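The lines below spell out each chain.
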Amino acid sequence: HSLTMNKMDFKAKLAENIFKIDNDEPKNAPPLERGFNPYVLNNGTVAAVAGKDFCKVVGDTRSSLGYTILSRDLSKITKLTDKCVIATSGMRADAIALHKLLQTKVKTYRTKFHKIPDISAIAQMLANTLYSRRFFPYYTFNLL
């Protein structure tokens, strides 16, 4: 078999590939699902233990994507007031956005009402925020 291809064979091969339809797959092949998925699960763990006069909140600092470790030193916990923190696992980008939004809402509450919001007010802020995004939700799992 010759390694060189004559000009006519090359043109025939080229025409065969140019006019090939992308959907020329066997009819018994399973359908391919194509679509856009904006969510990524960066995993993580947060936990809390509460007693009569205390609450301890912990979270790991690792952020991963599949088997790839993206970072080993990212906190999943954000302080909202002296007595309230939020701990979030799930999609890292959504967690950052949610924490910044809640910090802003707490500052707005302080300015508007001239007092620090209590835990029930912050819980209502979180619930309203999550509900407002119900059609394109934050992919987060939260502890307050």
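Refer to the structure printed above.
So, here is what we can say about the structure in this document. Computed from a prediction, not measured in an experiment: that's the story for all the values here.

What counts and what doesn't
Residues numbered from 1 in each chain as written. Predicted model: local features only at pLDDT ≥ 70, side-chain atom pairs only at ≥ 80, totals over all residues. Heavy atoms only, no water. Phe/Tyr/Trp six-rings, centres within 6.5 Å; stacked < 30°, edge-to-face > 60°. Helix = DSSP H or I, 4+ residues; strand = E, 2+ residues; numbered from the N terminus. Buried < 20%, exposed > 50% of the residue type's maximum accessible area, 1.4 Å probe, protein only.

Time to look at the packing of aromatic side chains. Per the stated rule, a full pass over the model turns up four aromatic pairs. Ring centres 5.7 Å apart and planes at 40° place the aromatic pair tyrosine 39 and phenylalanine 136 in the tilted group. Here the residue tyrosine 39 occupies a position in the loop between helix H1 (7–18) and strand E1 (46–50), and phenylalanine 136 occupies one in the loop between helix H3 (119–132) and strand E7 (140–143), the gap between them amounting to 97 residues. Since its relative accessible area comes to 46%, phenylalanine 136 is described here as partly exposed. Between tyrosine 109 and phenylalanine 113, the ring centres sit 4.8 Å apart and the planes meet at 50°, which makes this aromatic pair tilted. Taken as a pair, tyrosine 109 and phenylalanine 113 lie in helix H2 (residues 92–113) at a separation of four residues, close to a single helical turn. Note on phenylalanine 113: relative accessible area 47%, which makes it partly exposed. Grouping aromatic residues by their ring pairs yields a cluster made of Tyr39, Phe136, Tyr139 and Phe141.

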